[in-house]
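Structure assessment
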Amino acid sequence: MSSDTLGTRNGGVDWTPVPQTALVIHPAKAGAHDNASWRLRTPQMRLEEAVGLAEALDLEIRDAVVAPLRQLTPATLFGKGKVEEMHAHVQELGVNVVVIDDALTPVQQRNLEKAWEAKVLDRTGMILEIFARRARTREGRLQVELARLAYERSRLVRTWTHLERQRGGFGVMGGPGETQIETDRRLLADKIGRLKKELEEVRRTRTLQRDARKRAPYPTVALVGYTNAGKSTLFNRLTQAEVLAQDLLFATLDPTLRTVALPGGRPAILSDTVGFISDLPHELVEAFRATLEEVQEADVVLHVRDVSSEETEAQAHDVREVLKQLHTGEHGQVLIEVWNKIDLLTPDDREAWEARARRLESSPEHKAVAVSAVTGEGCDHLLAILAQLVDDEAAIQADLDAADGAALAWLYRHGRVVSREERPDGGMHLEVRLDPQALGRFERLYPNARVG
Ligand SMILES: Nc1nc2c(ncn2[C@@H]2O[C@H](COP(=O)(O)OP(=O)(O)OP(=O)(O)O)[C@@H](O)[C@H]2O)c(=O)[nH]1
Ligand SMILES: [Mg+2]
């Protein structure tokens, strides 16, 4: 069946599920990537991740193969022999989609589709499509739409048109009916401009909300981590919420916030965020930068890791790279690694991870806790650590002179300003929560401020 016959458009949406069968190919480039993220993963691991992404699109995988690439062929990525071999395989399997776990140029994509008589989807297209289906909030949708348009502008060719109708996503490549309009460069630019404005508006509202929350005397804790690490499961466990947690790549897209009661009764605000993945398309990194501000603003960042995965080191490496870009851990922000899924480990491995976590416990820099979000093991301990971090903070009253703008800015950066009042003389009375080290630093830096 050709995909042109899919998604009937005669007056309504055709909801009959159409089986999309796929062959997944990971092109293994010899020596082309020698950064740590690539060194830590075998081509087989990469292939498995690509299969996971394809499954997240409900594709029925008929076969998945690693195709070694010794030499790049600009027109088709693979050499002539490989293209022919794969064509035979596509016919033999009878699949209508071929997933290439790499970024393809528009020309490569078109040529391969012709050669294989099948739809070809590259890694960027696949991730964009998943994000498109998952986005729920207005901001999330706008962000994905913007990323999609940026991707489309970079190729101005429409090849993937049928997923949207059956699945309810808006489709990476839009609908066939819009082809003419949307491929027009000028209209695309206009649309991007409009979307950006709309997005700015939505973000302004969110920033206001965040500022309001900042004034609330609640510390904030952000969950970050590789996709499928168990962030949402942990979020649900800690807050007794029911956020969608699934064995699915990118189950969560929009940040979710909820309060969690720490031992001792103090509340904190916990946020669940979009997962990371290696080689995230740059259009998406750009689009989601603002969402990740939740992480930048958090008092504590929990880096959730699936330590039962053989890729755990590679994944941790990728996540740390993004955290570095977000300047996580600076300005007194606490970073804790949560070693999740210990229930899946062999007793020996489990003991090793737990022992490592105990050794790191007292380290102010590299704290780690071993947990299972599913069985709940270790979760009380995690909560106790969070409570302790929060309890260490002292509530202080500070009186600043009108000229003390620097001290005011410092307090906003390093503490949590709970309330702020202007005095008749133009000075400022503040109630701030600060940890003891920060308080000491403040008193040294600004001896003129009156602190009580
Ligand atoms: N055995 C076991 N499975 C877990 C644990 N934590 C999470 N899982 C499973 O791992 C899968 C992914 O969990 P999620 O909580 O959706 O992962 P996530 O990090 O939120 O993933 P994204 O939202 O896709 O980034 C689900 O099938 C969970 O049931 C755990 O501690 N033990
Ligand atoms: Mg999630």
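Here, every reference points to the structure presented above.
Scope of this entry: the structure provided in the associated data block. (Residues numbered from 1 in each chain as written. Chains lettered and ligands numbered in written order. Predicted model: local features only at pLDDT ≥ 70, side-chain atom pairs only at ≥ 80, totals over all residues. Heavy atoms only, no water.)

The geometry of helix α5 (residues 123-134) relative to helix α6 (residues 138-153) is characterised by a closest axis approach of 10 Å and an angle of 155 degrees between their N-to-C directions. Comparing the axis directions of α5 and α6 gives the class roughly antiparallel. For α5 against α6, the interelement crossing comes out left-handed. In this structure, α5 uses Thr124, Gly125, Leu128, Phe131 and Ala132 to contact α6, whose residues at the interface are Val144, Ala147, Arg148 and Tyr151. Considered class by class, the residues forming the contact of α5 with α6 number six nonpolar, two polar and one charged. (Axes fitted to C-alpha atoms, helices over the stretch in contact; angles between N-to-C directions. Helix = DSSP H or I, 4+ residues; strand = E, 2+ residues; numbered from the N terminus. Parallel < 35°, antiparallel > 145°, perpendicular 65-115°, else oblique. Left-handed = near helix turned anticlockwise from the far one by under 90°. Contact = heavy atoms within 4.5 Å. Nonpolar A, V, L, I, M, F, W, Y, C, P; charged D, E, K, R; others polar.)

On to helix α14 (residues 347-360). With 14 residues, α14 should cover 20 Å at 1.5 Å per step; its first-to-last C-alpha distance of 20 Å lies within 8% of that length. Taken residue by residue, α14 has Trp353, Glu354, Ala355 and Ala357 as its buried positions. (Expected span 1.5 Å × (residues − 1). Buried < 20%, exposed > 50% of the residue type's maximum accessible area, 1.4 Å probe, protein only.)

Here we take up α6. Taking 1.5 Å per residue, 16 residues should reach 22 Å; α6 reaches 22 Å between its end C-alpha atoms and fits that length. Inspection of α6 places Glu139, Gly140, Leu142, Gln143, Val144, Glu145, Leu146, Ala147, Arg148, Leu149, Tyr151 and Glu152 among the buried residues, and these make up the whole buried set.

In this structure the tally under the stated criterion is 26 salt bridges. Among the salt bridges present, the one from glutamate 145 reaches lysine 191, with a minimum N-O distance of 3.9 Å. You can see glutamate 145 sitting in helix α6 and its partner lysine 191 sitting in helix α9 (residues 185-215), a full 46 residues away along the chain. Here glutamate 201 and arginine 204 are joined by a salt bridge, their closest N and O atoms 2.5 Å apart. Within this pair, glutamate 201 and its partner arginine 204 are both found in helix α9, separated by three residues, close to a single helical turn. By relative accessible area, glutamate 201 is classed as partly exposed at 42%. Here the salt bridges do not stand alone but share partners, grouping Asp399, Asp401, Arg423, Asp425 and Arg450 into one network. (Salt bridge = Lys/Arg side-chain N within 4 Å of Asp/Glu carboxyl O.)

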